[in-house]
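Notes for the structure review
The chain contents come next:
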Amino acid sequence: MNAGRAVSRNCATIALAVAAASLPVMAWSETYPGKPIRLIVNASAGGGADVVARLVAEKLAATLGQPVIVENKPGAGGNIGADYVARAAADGYTLLAANSSFASNLTLYRKLPFHPVRDFSPVSLLVANYFYLCVPAASPLKSFQELVAKGRKDELTYASAGAGQGSHLGMELLKDLAGFKAVHVPYGGMAPAAVSLLSGNVDMSLLTPASALPQAETGKLRLLGVTAPRRQSSLPGVPAIAEFGLPGFEVNNWQGLLAPAGTPPAIVARLNQAVNQALKMPDLNARLAEMNTEARGSTPEEFKAFLAAEIDKWREVIKRTNTQID
């Protein structure tokens, strides 16, 4: 009996200790945020990913009542910024605005200092936008069909924003499915890739709306298709590449918000609520629409499932096309 009572007392003591230890975390979660939040963008300043992150950060600051300070940490295909956040304290004060390369890099790089699933807590999908398949206005290629026919006879060239970026892997997927040849010419960002295309140094490129549309409007580029699953209402005259006998073809240049793994669920939920509230604001939606970018939003669980599907998709593409970065 005495032994039984001793065991009971020990169990009760342990339970009380666990409960006491959890109280500061619970209280901390209830008062979050109590100081400025750092939003790490793993891409260069001034690009589409950076612009979107800053627009969202502004609305998050208004909703959360604390400044959301954007910091750019580009490099290594986005891995430098992602690794920085993976190593940060799991307290909700250091977040990552990741783009689509976050999912592909797991397979693309032989050694990755972090794991995009194990080392992060998904908060919400932010936006989706799609690439435009572009050729210079002076190009003899007037349609997607002509481009494919040319690429099956002769080796074309294409510019990308860098090895492993969506403009690179998207073109590799397109080459594989449509069955044409093209040599990859990587650049250090979307802007120099667009300049190379405009100069006629390469035959084609997948460009973001921010890089493609102004040049198309002035007649300097020709849009042969968009990597969205269907035509976009803003540009109904530009066919979806999926229409050309490639059903299901899609290259989504998405962005999402993540926190370090172990971030308290209450903080993740608070951030998710703030993000989805921000993405419903009419002025933010109007600004995103000007960039041909769609506000998405999601639950943390939906974003986790989306990320897993993206990892699986690009793993298959990378292995099939034998694309690798050391």
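Data block above holds the structure.
Since the structure is predicted, the reported quantities are computational estimates derived from the model, not experimental observations.

Basis of the calculations
- Residues numbered from 1 in each chain as written.
- Predicted model: local features only at pLDDT ≥ 70, side-chain atom pairs only at ≥ 80, totals over all residues.
- Heavy atoms only, no water.
- Buried < 20%, exposed > 50% of the residue type's maximum accessible area, 1.4 Å probe, protein only.
- Helix = DSSP H or I, 4+ residues; strand = E, 2+ residues; numbered from the N terminus.
- Arc of directions from axis to C-beta.
- Contact = heavy atoms within 4.5 Å.
- Polar contact = N/O pair within 3.5 Å; in protein donor to acceptor, adjacent residues only side chain to side chain.
- Pairing = 2+ DSSP bridges.
- Right-handed = clockwise from strand over helix to strand, strands pointing away.

**Overview of helix H5 (residues 144-153)**
Because each turn of an α-helix spans 3.6 residues, side chains separated by three or four positions end up pointing in the same direction. If you check which residues of H5 are buried, you get Phe144, Leu147, Val148 and Gly151. The arc enclosing the buried residues of H5, seen along the axis, measures out at 95°, which places them on a common side. Among the structural elements, strand S5 (132-136), strand S6 (156-160), helix H6 (166-178), strand S8 (204-207) and strand S9 (221-226) are those in contact with the buried residues of H5.

**Observations regarding the side chain of Thr321**
One can find Thr321 in helix H11 (residues 300-321). A polar contact is formed between the side chain of Thr321 and the side chain of Thr323, at a distance of 2.8 Å. Each residue touching Thr321, except ones within four places of it in the same chain, is listed here: Glu172 and Asp176.

**Quick look at the pairing of strand S1 (residues 37-41)**
The element S1 is extensively covered by neighbouring structure, given that 4 of its 5 residues are classed as buried. Note: S1 against strand S2 (residues 68-72), 5 bridges, orientation parallel. Across the sheet, the residue bridging to Arg38 is Ile69, located in S2. A crossover links S1 with its parallel partner S2, the connecting element being helix H2 (residues 48-64), and its sense is right-handed.

Geometric descriptors of this kind do not, in isolation, establish any biological role.
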